[in-house]
4 protein chains.
Amino acid sequence: MNRVDIKNARALTPPMGWNSYDYYNTSADEDDIKANADYMAKNLKKYGWEYVVVDIEWYSKHGHRTNDEYQYIPFEAVEIDGYGRLLPALERFPSSKGGKGFKPLADYIHSLGLKFGIHIMRGIPRIAAHNHLPVLGTDTTADKIAIANNICYWNPDMYGVNPAKPASQAYYDSIIRQYADWGVDFIKCDDICRMDMPTAEEEIKMLARAIDKCGRPIVLSLSPGAALIEKAWLYSQTANMWRITDDFWDNWKLLKAMFERCEVWEKQSAPGCWPDCDMLTIGKLGKWHKKEWTCNFTDPELKTMLSLWCIFRSPLMLGCKLPGLDKKTLKLITNEKILGLLKFPEGARQLARDDEKAIWVNKNNGKTVIALFNLADKTNKVSVGLKDAGVEGKVAEGTELWTGETVKIAGKALSVEIEPHGAAVVEL
Amino acid sequence: MNRVDIKNARALTPPMGWNSYDYYNTSADEDDIKANADYMAKNLKKYGWEYVVVDIEWYSKHGHRTNDEYQYIPFEAVEIDGYGRLLPALERFPSSKGGKGFKPLADYIHSLGLKFGIHIMRGIPRIAAHNHLPVLGTDTTADKIAIANNICYWNPDMYGVNPAKPASQAYYDSIIRQYADWGVDFIKCDDICRMDMPTAEEEIKMLARAIDKCGRPIVLSLSPGAALIEKAWLYSQTANMWRITDDFWDNWKLLKAMFERCEVWEKQSAPGCWPDCDMLTIGKLGKWHKKEWTCNFTDPELKTMLSLWCIFRSPLMLGCKLPGLDKKTLKLITNEKILGLLKFPEGARQLARDDEKAIWVNKNNGKTVIALFNLADKTNKVSVGLKDAGVEGKVAEGTELWTGETVKIAGKALSVEIEPHGAAVVEL
Amino acid sequence: MNRVDIKNARALTPPMGWNSYDYYNTSADEDDIKANADYMAKNLKKYGWEYVVVDIEWYSKHGHRTNDEYQYIPFEAVEIDGYGRLLPALERFPSSKGGKGFKPLADYIHSLGLKFGIHIMRGIPRIAAHNHLPVLGTDTTADKIAIANNICYWNPDMYGVNPAKPASQAYYDSIIRQYADWGVDFIKCDDICRMDMPTAEEEIKMLARAIDKCGRPIVLSLSPGAALIEKAWLYSQTANMWRITDDFWDNWKLLKAMFERCEVWEKQSAPGCWPDCDMLTIGKLGKWHKKEWTCNFTDPELKTMLSLWCIFRSPLMLGCKLPGLDKKTLKLITNEKILGLLKFPEGARQLARDDEKAIWVNKNNGKTVIALFNLADKTNKVSVGLKDAGVEGKVAEGTELWTGETVKIAGKALSVEIEPHGAAVVEL
Amino acid sequence: MNRVDIKNARALTPPMGWNSYDYYNTSADEDDIKANADYMAKNLKKYGWEYVVVDIEWYSKHGHRTNDEYQYIPFEAVEIDGYGRLLPALERFPSSKGGKGFKPLADYIHSLGLKFGIHIMRGIPRIAAHNHLPVLGTDTTADKIAIANNICYWNPDMYGVNPAKPASQAYYDSIIRQYADWGVDFIKCDDICRMDMPTAEEEIKMLARAIDKCGRPIVLSLSPGAALIEKAWLYSQTANMWRITDDFWDNWKLLKAMFERCEVWEKQSAPGCWPDCDMLTIGKLGKWHKKEWTCNFTDPELKTMLSLWCIFRSPLMLGCKLPGLDKKTLKLITNEKILGLLKFPEGARQLARDDEKAIWVNKNNGKTVIALFNLADKTNKVSVGLKDAGVEGKVAEGTELWTGETVKIAGKALSVEIEPHGAAVVEL
């Protein structure tokens, strides 16, 4: 296999898991991660959910005390080694003591039969540059590769690195090798996907090269979106998933807008290459665990979200607090028929989209699955001609996959009455 | 078949033909068109070349006397019927007299076993709006559907029409039905593809609907580019080909830039849906037939152009004066192996692209074709690992399709020395 | 005097008058204009109000029947002479019959001791270009000087003209001479001031030259805004007033924003050169005379508007229906002390501005006038140090010019309690 | 006097001096500054030249070893005190040892009868924020006021400070008080004038307040340009001079463009408020003192530059190495008649400007001075009507101020033949 095939083999179907951000923000600690992993192992693993991802600023010593003034404390004290590599903050991840990093936590996650992921920021810590820390495996220092005006606009931690300097690749190699040593299975790299900065494209390539070399099949996820469709080829050569939207939250306007994003990326999803609709907002969400709320989506909207993510074959990352998840939501995320859409071998097609409705279709093993979405604010009948959906011959009925109910076909069209903002997924 | 499949069936492989613009500009007359058609029938037809397309302003009475002051004479007298439908200028297309329009010329082209195409501008003639001409099949007039500030920036002839008015669809229906009656097989609609104007998207849809209804399988081509990649889904539902670049001419910078355009559109080409790299500039070019020059491309550049267009499966439209075409160029455009790439059932993939080189690959019937491009200004060896190109097992040699020469494979890579700006297309 | 001094002498103080737009929109007819002129002559003339201006589309035959679909009827029938010069629509201005144009109406206005103004659009009528009408005094035609893609975005009547063609100047000369013959004293030229189109700068110059030559001291007003402050020098060489804002209406947000505009233009007002805050919205306003409403400004807001326009020395054009004007508003627009600020020989200075307040000061004949504005949504005390206002020595009290009341000065600051959005104008 | 009058009194006429940047770049040391000051004291002081300004990065320890890779060494070691205040680098300014800062150098400059200026960057040193240094006179630290994404795009030294935090004003107070203690007479603050960053406007105000309080009449100069003309009022309330152009160098295109800048700012210059055309490029220029070249301007261009700066009343800062200045240039910068234009009480007016010429005029004590500029690439006769220049009555001749020669007036116009890119300044 060539390097792109090897890269693709790391995620032949869309990754499924849980991410700490939507509930814990920057405040997750070791106990939080373990509690969510335990829940997943017990309740979700059998449905295919497997990644447990620690999101942003696990290296921040006071991240767990974040207050309303800042999401990211500027010039914050961080856990860092002598080579400018960030480590889990001891205050929050005590098992990392003695330089063990995330290894003990990764071991725990692996012991549950799950996979372990972490979030990183593009670049090198600012403090490493200001302190002229050496870059491992080179005779140069961080100040020589950091670019002083190449910063993230929303996070104060890093400087982008200069692709013209070989030590920049060495720096990426040094961190990825460390993550591989810890047992990391999944890396979500942030401030890199929509390529606000001129070096982002080169930093994506450095990251991909570092993973190629690290000896562990680490899945690479790029954030934040919206990814640039003109750069689809680049993403497909380097990463396994990339965010096609800015941060998604439990807001109908954002959910409706996702249909446009999916239309644009329709032809780009393939094994190992997954345009990503972002975390699924469900259950309890939070600014961090002391500021929680219940997901604002209605039941029809939740179905619309899951139906779209699944038929589009987006990666699925649960954004919520898993322990204590309500039964209704648990049922939604363990519907095997719906989740099964993720494994369809070919990509789905959008058949129609306007302000009132969207229709997607995919096929597998002679079956046709049609997802009908009512984007209007009132109950509507949503219809599609069978011929338009590529269904040949006579078909009398189908099965709605959320309810298991039979749907009768009258004439040459499938027609379903759907609640406002709701969806029906019919298998014929 | 559904309507999109029917639309796609009109162009299952990329259209091949000749277009009057690159040599005659606005000045082509009936004799010019016939002379080029005759050449095609005699010399090119057997290689698959079939469309003869009359480009812009065939309705302009003085287009053939265009001078250096204007490309398009403002407020020019045009041939137009009582329903605001443009007709071929009698001064230039005498066979159209008596209201016969392009029928006689189309008949002639068809008698040669070729197909006939015309260029149109988005919208309704300005003069029809100012004169309040009736719209056929409605009780309304042109001034009611034309939008006064919806104009083309580079051509003075038309106003865009208002999609909120049913008579706008009626107007498009009235012209397309007329073109069908004339025997038109191909329509290139201009000022519509890059969608500078808010109505362009709706006007594309009106045009597609009119063709669906007209009773003739007219191929629809959209111009000018660059088409918006975010609108790929729309184009695929409505048109058969769309320009992915602004006007292309015989200039290396434009040719090199086409590689970026092809990368972006790589996954969007499919039967009936052809991203279009624009006319092939070869042989004699002109501002009109009295201002001609010989194509500025070097021999290696000509090969690069043809190789890219063919492996990418772009439509091929010859932009030149065909009568008197030099032998060397004639040979290039009748290389059956190269032209055969157009008929490959799947799309090609870009394997690599940087400032110095590009590599594309496609497969058919167990054969692999690799196109290697030297984008550098000096002779370079361009290489690709066989594994990267998806070639399994041992391969000792291949055939270069332009020369027919054998290419030896040393080790695991294909490596070819190529002239500056040149290409090699190797079949393994 | 040089030409700029001569131009300036046409408006040594800011013009004061009435404009038909804010009440009649495109629908004003001869009786409407006369009724408003009569009111002005009787009630306002003695306070300095003198211009009566007929605003947009007096040449439109159906302007008085405008409906909700269009403000400006596209491709509308217009009154026009054989040289492409627009005439008052006979349907609406019957006195213009026999080619007399606005002369009879101007005569009537003059007979009242008032001055007569009209609105024009930049460029030449589209219909003149499409019909190839001759340009007076030249051997060329309108289609040769009109630029087909040089249009107004909000009005469908005209094409901009090509400054490189001498006949373009001839066209402007031909219309201005006609207006001078009619007795026009004031021209408000629209679609020219914010210079959306590349020819606007040159068309301003052509207009100015035409006025220089016409033999009548016509005041030139440029619209719409916002005028470009970088082009202040150009305006000052060519026009007498120019709009520093987009259309102003009876809306607090727009009124508050005017303080920023006035800050920017503070140093540019001088005899003959008046940055213009647009019509004063008072009394009855309308979309046309059948869709009227009463000005939405509160009493404090009305005072703020008038105080700012006067201390800034903006031209004052009443935008309303004058007949039937309520007494309270009439009193506001006839306050001689406030109107007197317009005649101060030097420009006022902004002393302070923030989100809560603005303070302006001017001096004349040893008196200091301070305008204090409360921009906050609640009653506030607005203060200014006397020293900051340039008042030397001890001052014990002043007079508020709206009320005539005495304002006591405590210590070194003037401090006045002002209603929300209100103003106080204090003379010391 | 109010605070604006007090601010204005610090620079009643345009400041004249020398600045180290155009020759020494970041590399100037104590000896360099003294040598230039000595030259000024001896040769220029009597003509009004008085400021000696040390430009950018005097705190950088290796600035004098700057190489071609960086103009500003990223993450460079700087001389800084315990309160985050930068100090002169001891390596380059040895007299500053023992915490004396620039006091000894200022004393030396003052001993020559000259004034001393320094350059500063907007904001607080990045290293102070990363090291959490205390802010003098507060109980807070630098990391609390620095804004992590508020950086200069071209210099890596500072973070902008948060205007919402009172300690930000305290920081500016702390540095300005120190500069006052050192004896600084002039501060050029950089990265603040064109207001790329949202805090720039507030940081200008903080700076102005700090100077108001510091007890020393420090002149405030804002860089870089182009200043925003919409913000003219803000500059006039806070600073004494502000750059109306990006960095100016010895290039005709930049010099010609300055005429447009001067047109825009014509009405904004007044005592204490000087729109600034940037340093005068003359004599020896450099990237630093080891990479020098001779000014590329021709003799006519040098005259044009000096004539424009003087009649426009721009501040004059010599950008060159003074020791060894050639005699011809020395003569140009000591022409008392030309320099005298700076002291005219009112601002000059632009009479005309097009691609070929520009004409400015000013008056003083009954005399009229007309500057005629030939902007064309060939020798041209440049003319102006005397009436247009405001010259009344009959005038037979004038004096050209560069040459002292008599210029005859023929008829009603002044007409002078001028070399390409040259100027004539005629007093009538």
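All figures in this text were calculated on a predicted structure; none of them were measured in a lab. (Residues numbered from 1 in each chain as written. Chains lettered and ligands numbered in written order. Predicted model: local features only at pLDDT ≥ 70, side-chain atom pairs only at ≥ 80, totals over all residues. Heavy atoms only, no water.)

The grouping of Glu-230 and Glu-260 of chain A together with Glu-230 and Glu-260 of chain B at the surface amounts to a negative patch. Position of Glu-230 of chain A among the secondary structure elements: in the loop between strand S8 (219-222) and helix H9 (232-238). (Patch = residues over 30% accessible without salt bridge, like charges linked within 9 Å, V, L, I, M, F, W, Y side chains within 5 Å. Areas by Shrake-Rupley, 256 points an atom, 1.4 Å probe, with all protein chains shown as cover. Salt bridge = Lys/Arg side-chain N within 4 Å of Asp/Glu carboxyl O. Lys, Arg positive; Asp, Glu negative; His and termini not counted. Charge placed at Lys NZ, Arg CZ, Asp CG, Glu CD. Helix = DSSP H or I, 4+ residues; strand = E, 2+ residues; numbered from the N terminus.)

In the case of a regular strand, side chains alternate between the two sheet surfaces. Residues and elements named next belong to chain B. Here 4 bridges tie strand S15 (residues 349-353) to strand S16 (residues 357-364), and the two strands are oriented antiparallel to one another. By the bridge assignment for S16, Arg-353 is matched with Ala-358. Between S15 and S16, which pair antiparallel in sequence order, lie 3 residues. Counting the residues in the hairpin turn of S16 and strand S17 (residues 367-374) gives 2 residues, including Asn-365, whose phi is positive at 50°. (Pairing = 2+ DSSP bridges.)

A word on the relation of the copies chain B and chain C. When chain B is fitted to chain C, the residual RMSD is 0.0 Å, and the transformation amounts to a turn of 180° plus an axial shift of 0.1 Å. Such a turn and shift between the copies fits a two-fold axis. Of every C-alpha in chain B, the one belonging to His-130 of chain B sits nearest the axis of rotation, 4.0 Å from it. Comparing contact sets, 100% of the residues at the interface of chain B also lie at the interface in chain C, consistent with an isologous, same-surface contact. (Least-squares fit on C-alpha atoms with pLDDT ≥ 70 in both. Contact = heavy atoms within 4.5 Å.)

Here the focus is the packing of aromatic side chains. Throughout the structure, instances matching the rule amount to 88 aromatic pairs over all chains. With a centroid separation of 5.8 Å and 40° between ring planes, the pair formed by Trp-249 of chain D and Trp-293 of chain D is classed as tilted. Placement of Trp-249 of chain D in the loop between strand S9 (241-243) and helix H10 (252-265) and of Trp-293 of chain D in strand S13 (residues 292-294) is noted, with a sequence separation of 44 residues between them. An aromatic cluster is present here, built from Trp-58, Tyr-59, Phe-93, Phe-102, Phe-116, Tyr-179 and Trp-182 of chain A joined pairwise through their rings. The aromatic ring of Tyr-159 of chain A is capped on one face by Arg-126 of chain A, whose charged end is 5.2 Å from the ring centroid. (Phe/Tyr/Trp six-rings, centres within 6.5 Å; stacked < 30°, edge-to-face > 60°. Lys NZ or Arg CZ within 6 Å of the ring centre and 35° of its normal.)

Note that chain A does not reach chain C: the shortest distance linking a C-alpha of one to a C-alpha of the other is 24 Å. As for chain D relative to chain B, no contact occurs, and the smallest C-alpha gap between them is 24 Å.

Glancing now at the interface of chain B and chain C. The interface of chain B with chain C comprises 20 residues on the first partner and 20 residues on the second. Together, the buried faces of chain B and chain C total about 1,800 Å²; carbon and sulfur atoms form 56% of this surface. Considering only the surface of chain B that becomes buried against chain C, Phe-75, His-130 and Ala-148 of chain B emerge as the three largest contributors, covering 38% of it. Counting every contact that joins chain B to chain C gives 2 salt bridges. In this structure, Lys-165 of chain C and Glu-69 of chain B form a salt bridge, with 2.7 Å as the shortest nitrogen-oxygen distance. Listed by contribution, the elements that provide at least two residues to the side of chain B that touches chain C are helix H5 (126-130), helix H6 (142-145) and strand S5 (146-151) of chain B. Class assignment for the residues of the side of chain B that touches chain C results in 12 nonpolar, 3 polar and 5 charged. (Buried area = accessible area lost by both parts, 1.4 Å probe. Nonpolar A, V, L, I, M, F, W, Y, C, P; charged D, E, K, R; others polar.)

Once that is clear, we can look at the domain arrangement of chain A. Residues and elements named next belong to chain A. Along its sequence, chain A is organised into domain 1 (3-343) and domain 2 (349-427). Placing the centre of domain 1 and that of domain 2 at their C-alpha centroids yields a distance of 34 Å. Contacts between the two partners involve 21 residues from domain 1 and, on the opposite side, 23 residues from domain 2. Around 2,100 Å² of area is buried between domain 1 and domain 2 when both sides are counted, 66% of it from carbon and sulfur atoms. On the surface where domain 1 and domain 2 come into contact, there are 3 salt bridges. With its nearest N and O atoms 3.2 Å apart, the salt bridge here joins Asp-355 to Lys-256. On the surface where domain 1 and domain 2 come into contact, there are 12 residue pairs in polar contact (both at pLDDT 80 or more). Element by element, the count of residues in the side of domain 1 that touches domain 2 is highest for helix H11 (residues 299-312), at 9 residues. Residues of the side of domain 1 that touches domain 2, tallied by class, amount to 11 nonpolar, 3 polar and 7 charged. (Domains from an automatic or database assignment. Polar contact = N/O pair within 3.5 Å; in protein donor to acceptor, adjacent residues only side chain to side chain.)

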